[in-house]
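Residue-level listing of the chains:
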Amino acid sequence: MKINPNTKTEITFEDFKTEVISDYKLAVTSRECSLLGRREVLTGKAKFGIFGDGKEVPQIAWAKAFNNGDFRSGYYRDQTFMMAIGQLTIEQFFAGLYANTDLKEEPMSAGRQMGGHFATHSLDENGNWKNLTEQKNSSADISPTAGQMPRLLGLAQASKIYRNVEGIDTTNFSKEGNEIAWGTIGNASTSEGLFFETINAAGVLQVPMVISVWDDEYGISVHAKHQTTKENISEILKGFQRDDNSNGYEIFRVNGWNYAELIDTYQRAAKVARKEHVPVMIHVQELTQPQGHSTSGSHERYKNEERLAWEAEYDCNAQMRQWMIDNNIATDEELVAIEKDIKKAVRDGKKAAWSSFINPIKEEKQEALSLIESVANTSANSVFISKLKNDLEAIDEPLRKDILSTARKTLRYVVSENSNEKLALQNWINSYIEKIQPKYSSHLYSESKHKAEFQKEILPTYNGDTTEVDGRVILRDNFEAIFNKYPEALVFGEDAGHIGDVNQGLEGLQEKFGELRVSDAGIREATILGQGIGMAMRGLRPIAEIQYLDYILYALQIMSDDLATVQYRTKGRQKAPLIVRTRGHRLEGIWHSGSQMGGILNLIRGIHVLVPRNMTKAAGFYNTLLESDEPALIVECLNGYRLKEKMPSNIGEFKTPIGVVETIKQGEDITLVSYGSTLRLVEQAAKELQEVGIDAEIIDVQSLLPFDLDHDIVKSVAKTNRVMVIDEDVKGGASAYILDQILNEQNAFQYLDSQPKTLAAKPHRPAYGTDGDYFSKPSVEDIFEAVYDVMHEANPSDFPKLR
Ligand SMILES: Cc1ncc(C[n+]2csc(CCOP(=O)(O)OP(=O)(O)O)c2C)c(N)n1
Ligand SMILES: [Mg+2]
């Protein structure tokens, strides 16, 4: 037996025994939850189950090294850890399995995530920070394998910032940067690029990150020989081991069934990471999966007899049990008694969780039934309605879908009848949807008072002398004001530090604010994003710079799966108000055209998407966002950094509102809607159209998500009766999104005298060079002719055919 002398010398054997027994109880409780959880799925009470069986003991050892203020970023096997830190009860475990939508019963996600996806609450019910240093924290899990890694990097980096940057109010977030970010990942998921990218970045940054690899040799059915070179992740990462001459990692290997060694290993890992801010990897080997991967299949299909027998013997709970007996910590009889009690406790907890899940729905069913019955009693279609009612009545344990679909179908039988009973049912359906829908749809965006939409516009002001400067100077001076005003703000990205970004929007700021706040990052977009998410989750205000819009595709998965869903998947109990800064639009060449907006827009609902047409507008967006609690993507116009703009006198103060469009030219004949760099072409085309007697109104969308909250575009269409959306993205991309908003959300169709049009780029990627651009994206002539055609169709005598 090997127990860390530092932590155990003070306690008696009796204390030690008590602690071990309590640990064993937890391991057995967690296992019983897994066993019963699987049965709940197989008997149809829950839809899907993925459990932590076979990984209990290492998680108990880990929890002992996990302090208040620390953060976890892990995956679906960590239920035992969550129980060990006091953040998951038996009832809550089952509430997650049943998808209970009550956050009090199911604090992980209010039923939005599958069971096995864990989270703690960083925010109170009003969206304000809790004191994270007084609680044990888990960032909310996501399902894509290795998707937890980029965020882990940022959670760890936050400690480094809090330890080394002066002037930040750390009260709620850090005690001298002593917090560790603990990651977990399955052995097979280390095959993902995100894993390697994160490992390298954490080694470079030297942050307090401890990553545990739970190694059970499989990734569902696929054995390590197909996953990992040499079938051994710590073996191939040996080159990351630090030594006297260079920074790197501490790498530990330990068997997952060895309780005593696990405790020792986790204590040692914590010490190195917490004190020295050195990243650590713990390769936990020889783990098992007693029930196979998930409830979707059985592992007998892919594990042979020999492997199954080995797994039974080396099951970590079984090994711990035997070790306790061998070391006189408990007798077999005592353990049998403990196990029996736990079985009952888990069964009772499960029953309680089921009752609190089903009882409110049963009440809702009764409400609906009595209303439907009343309708049946007064309707000519009583027979059909009674049949619907009886079918619903027969469902003992109904879903909300059963209730609502029955109620809605009932209305079809009384569509031409009039009665108070029908009215009562209609009202009930409306109010039921109003009450229930938010359980599934709320908090895609912030619902707190810090919501970005609530930020009022503050116009830029100008002194008498209106000096014109390059646009990038306005941005730069605004960033300087931001870093002065918000000590917790920081920016990082490729070339963002030393040279102050490729367009000098951060020129000179590293010298002023230091390398930790204005930093160069490696070429690794996904983890740049993750750094931002993790730091934002710990109270910092990161600005993650992605050098060009085209390369955001590398980070798009993390933006879509992680950043965009933070508030939604925690029902507003976590936030990551990260600002993603990038530049694009109207450049040239297949991978430098910067216009893939449609893909972005559709994939990152939950993040604001802002497309300022100049740098003053852009600076105003940064100022707005820093006062709010939501993430956003700001796409600066690549060709705008050297264009002249007037220097505002209230730099750092003016704010561009989000969700507000701007009419940049008044007109009577047609409304032209566009954004970003394309606007300059639209303005030129409008001038030329004016010369032939066509008076176009131009609207700058500015904010694609959220979109025109005041519905100003339809007001313009009501005046011009024609609309065209011009965009450099492909057809069906952002232009289709904009037109859908105008037609379906703003009901502009009723004012139209001409077919609504979109003018977009060719479906291929834009070719290089000026001619490549001209023949790939809408040109001034394309815009002119498209608008002219609309006018020709409306009035061929005034506007004869052009060609
Ligand atoms: C990006 C992605 N690809 C595939 C999956 C489907 N999937 C879920 S778990 C899993 C295997 C993971 O194995 P491992 O990392 O070893 O963890 P274990 O389940 O063995 O603990 C796969 C392929 C996924 N969730 N995400
Ligand atoms: Mg595995």
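Everything discussed here concerns the structure shown above.
Summary of the structure given here. (Residues numbered from 1 in each chain as written. Chains lettered and ligands numbered in written order. Predicted model: local features only at pLDDT ≥ 70, side-chain atom pairs only at ≥ 80, totals over all residues. Heavy atoms only, no water.)

What to know about the overall build of the protein
Working step 1: When you go through the protein residue by residue, the secondary structure sums to 28 helices and 22 strands.
Working step 2: Taking 28 Å as the expected radius of gyration for a compact globule of 803 residues, we find that the protein reaches 30 Å, a close match to that expectation.
Working step 3: In terms of overall dimensions, the protein has a C-alpha envelope of 100 × 85 × 45 Å along the principal axes.
Working step 4: Among the 803 residues that make up the protein, the fraction classed as buried is 60%.
Working step 5: The contacts in the protein between residues at least 6 apart in sequence include a share of 79% that link residues at least 24 apart.
Working step 6: For the protein, the accessible surface area stands at approximately 32200 Å², while carbon and sulfur atoms represent 49% of it.
Working step 7: Computed over 90 positive and 116 negative side-chain charges, the separation of the two mean positions in the protein equals 3 Å. (Helix = DSSP H or I, 4+ residues; strand = E, 2+ residues; numbered from the N terminus. Rg over C-alpha atoms; globule rule 2.2 N^0.38 Å. Buried < 20%, exposed > 50% of the residue type's maximum accessible area, 1.4 Å probe, protein only. Contact = heavy atoms within 4.5 Å. Areas by Shrake-Rupley, 256 points an atom, 1.4 Å probe, with all protein chains shown as cover. Lys, Arg positive; Asp, Glu negative; His and termini not counted. Charge placed at Lys NZ, Arg CZ, Asp CG, Glu CD.)

A short note on the coordination of the magnesium ion (ligand 2)
Working step 1: All of the protein donors around the magnesium ion (ligand 2) are Asn187 (OD1), Asp216 (OD) and Tyr218 (O); their distances to the metal are 2.0 to 2.1 Å.
Working step 2: When the donors of the magnesium ion (ligand 2) are listed by position in the chain, the intervening gaps give N-x28-D-x1-Y.
Working step 3: Here tyrosine 218 falls in the buried class, since its relative accessible area comes to 10%. (Donors = N, O, S within 2.8 Å, 3.2 Å for Na, K, Ca; no water.)

Here we look at the packing of aromatic side chains
Working step 1: Taken as a whole and judged by the stated rule, the model has 33 aromatic pairs.
Working step 2: Between the aromatic rings of tyrosine 218 and tyrosine 302, the centroid separation amounts to 5.8 Å while the plane-to-plane angle is 45°, which identifies the pairing as tilted. Of this pair, tyrosine 218 sits in strand 5 (residues 218–219) while tyrosine 302 sits in the loop between strand 8 (280–285) and helix 11 (305–314), placing them 84 residues apart in sequence.
Working step 3: Given a relative accessible area of 19%, tyrosine 302 falls into the buried group.
Working step 4: Seen from their ring centres, tyrosine 774 and phenylalanine 775 are 5.4 Å apart, and the 75° between their planes marks the pair as edge-to-face.
Working step 5: The partly exposed category is assigned to tyrosine 774, whose relative accessible area is 36%.
Working step 6: Phenylalanine 775 sits in the exposed class, given a relative accessible area of 58%.
Working step 7: Taken together through their ring pairs, the aromatic side chains of Phe51, Phe93, Phe94, Tyr98, Trp354 and Phe357 make up a single cluster.
Working step 8: When the ring centre of tryptophan 354 is taken as origin, the NZ or CZ atom of lysine 45, which lies over that ring, is 5.0 Å away.
Working step 9: Just above the ring of tyrosine 218 sits the side chain of lysine 303; from NZ or CZ to the centre is 5.2 Å. (Phe/Tyr/Trp six-rings, centres within 6.5 Å; stacked < 30°, edge-to-face > 60°. Lys NZ or Arg CZ within 6 Å of the ring centre and 35° of its normal.)

Regarding the sheet that holds strand 18 (residues 670–674)
Either a parallel or an antiparallel arrangement is found when strands of a sheet pair, and the pairing is made through backbone hydrogen bonds.
Working step 1: The sheet built from 5 strands is open, its strands ordered 17-19-18-21-22 with mixed pairing. Of all the strands in the sheet, the pair left with one neighbour each is strand 17 (662–665) and strand 22 (757–761). When strand polarity is set aside, the average angle formed by the axes of neighbouring strands in this sheet is 25°.
Working step 2: In this fold helix 26 (residues 734–745) packs onto strand 18, strand 21 (723–730) and strand 22, with an angle of close to 150° to the strand it touches most, strand 21. (Pairing = 2+ DSSP bridges. Axes fitted to C-alpha atoms, helices over the stretch in contact; angles between N-to-C directions.)

Comments concerning the environment of methionine 791
Working step 1: You can see methionine 791 is positioned in helix 28 (residues 780–794).
Working step 2: Residue methionine 791 is classed as buried on the basis of its relative accessible area, which comes to 5%.
Working step 3: On a C-alpha basis, the gap between methionine 791 and lysine 801 in space is 9.8 Å, while along the polypeptide they are 10 residues apart.
Working step 4: Not counting the four nearest positions on each side in its chain, methionine 791 is found in contact with Asp669, Ile694, Arg722 and Phe799.

Points about the pairing of strand 21
Working step 1: With 7 of 8 residues buried, strand 21 is to be regarded as a mostly interior element.
Working step 2: In the sheet, strand 18 pairs with strand 21 via 3 bridges, with the strands oriented parallel. Looking at strand 21, one finds that valine 673 is bridged to valine 725.
Working step 3: Judged from the 4 bridges that link them, strand 21 and strand 22 form a sheet pairing that is parallel. Bridge assignment links methionine 724 to a residue of strand 22, and that residue is lysine 757.
Working step 4: Tracing the backbone out of strand 21, into helix 26 and back to the parallel element strand 22 gives a crossover that is right-handed. (Right-handed = clockwise from strand over helix to strand, strands pointing away.)

Some thoughts on the side chain of serine 446
Working step 1: Here serine 446 is to be found in the loop between helix 16 (420–441) and strand 9 (468–470).
Working step 2: Assessed through its relative accessible area of 2%, serine 446 is described here as buried.
Working step 3: A polar contact of 3.0 Å, which involves the side chain of serine 446, links it to the backbone nitrogen of serine 448. (Polar contact = N/O pair within 3.5 Å; in protein donor to acceptor, adjacent residues only side chain to side chain.)

Describing the sheet that holds strand 15 (residues 632–637)
Working step 1: Spatial ordering of the open sheet is given by 11-10-12-13-15-14-20, a layout of 7 strands whose pairing is mixed. Of all strands in the sheet, those with a lone pairing partner are strand 11 (518–520) and strand 20 (703–705), marking the two edges. Averaged over all pairs of adjacent strands, the angle between their axes in this sheet comes to 20°, without regard to strand direction.
Working step 2: Across 3 bridges, the pairing between strand 14 (residues 608–610) and strand 15 is parallel. If you follow valine 609 over to strand 15, its bridge partner there is leucine 633.

Points about the site of ligand 1
Working step 1: Around ligand 1 lies a shell of 18 residues, among which Tyr75, Tyr76, Arg77, Ser189 and Tyr218 are the nearest.
Working step 2: At 2.8 Å from an oxygen atom of ligand 1 is found a side-chain nitrogen or oxygen belonging to asparagine 187.
Working step 3: In isolation ligand 1 offers 580 Å² of accessible surface; the protein chains occlude 71% of this area.
Working step 4: Of the residues in the shell around ligand 1, the class split is 6 nonpolar, 8 polar and 4 charged. (Near = heavy atom within 4 Å. Nonpolar A, V, L, I, M, F, W, Y, C, P; charged D, E, K, R; others polar.)

Focus on a nonpolar patch on the surface
Working step 1: Side chains of Val383, Phe384 and Tyr413 sit close together on the surface and give an oily, nonpolar patch of about 310 Å² of accessible area.
Working step 2: Looking at the element boundaries, valine 383 is found in helix 14 (residues 382–393). (Patch = residues over 30% accessible without salt bridge, like charges linked within 9 Å, V, L, I, M, F, W, Y side chains within 5 Å. Salt bridge = Lys/Arg side-chain N within 4 Å of Asp/Glu carboxyl O.)

Thoughts on the packing of helix 6 (residues 148–164) against helix 7 (residues 193–205)
Working step 1: The geometry of helix 6 relative to helix 7 is characterised by a closest axis approach of 9 Å and an angle of 15° between their N-to-C directions. Our classification of the angle between helix 6 and helix 7 gives roughly parallel. Handedness of the crossing formed by helix 6 with helix 7: right-handed. Here Met149, Pro150, Leu153, Gln157 and Lys160 of helix 6 come into contact with helix 7, specifically with Leu194, Phe195, Thr198, Ile199, Ala201, Ala202 and Leu205. (Parallel < 35°, antiparallel > 145°, perpendicular 65-115°, else oblique. Left-handed = near helix turned anticlockwise from the far one by under 90°.)

Description of the pattern of salt bridges
Working step 1: This structure, assessed with the given rule, holds 47 salt bridges.
Working step 2: Its salt-bridge partner being aspartate 562, residue arginine 151 comes within 2.7 Å of it at the nearest N-O pair. Here arginine 151 is found in helix 6, whereas its partner aspartate 562 is found in the loop between helix 20 (553–561) and helix 21 (566–569), with 411 residues between them in sequence. Aspartate 562 matches arginine 151 in its accessibility class, with the two residues each being buried.
Working step 3: Between aspartate 470 and lysine 644 there is a salt bridge, with its nearest N and O atoms 2.7 Å apart. Placement of aspartate 470 in strand 9 and of lysine 644 in strand 16 (residues 644–646) is noted, with a sequence separation of 174 residues between them.
Working step 4: Overall, the relative accessible area of 15% leaves aspartate 470 in the buried class.
Working step 5: Through salt bridges with shared partners, one network takes in Asp501, Glu545, Arg581, Arg583 and Glu636.

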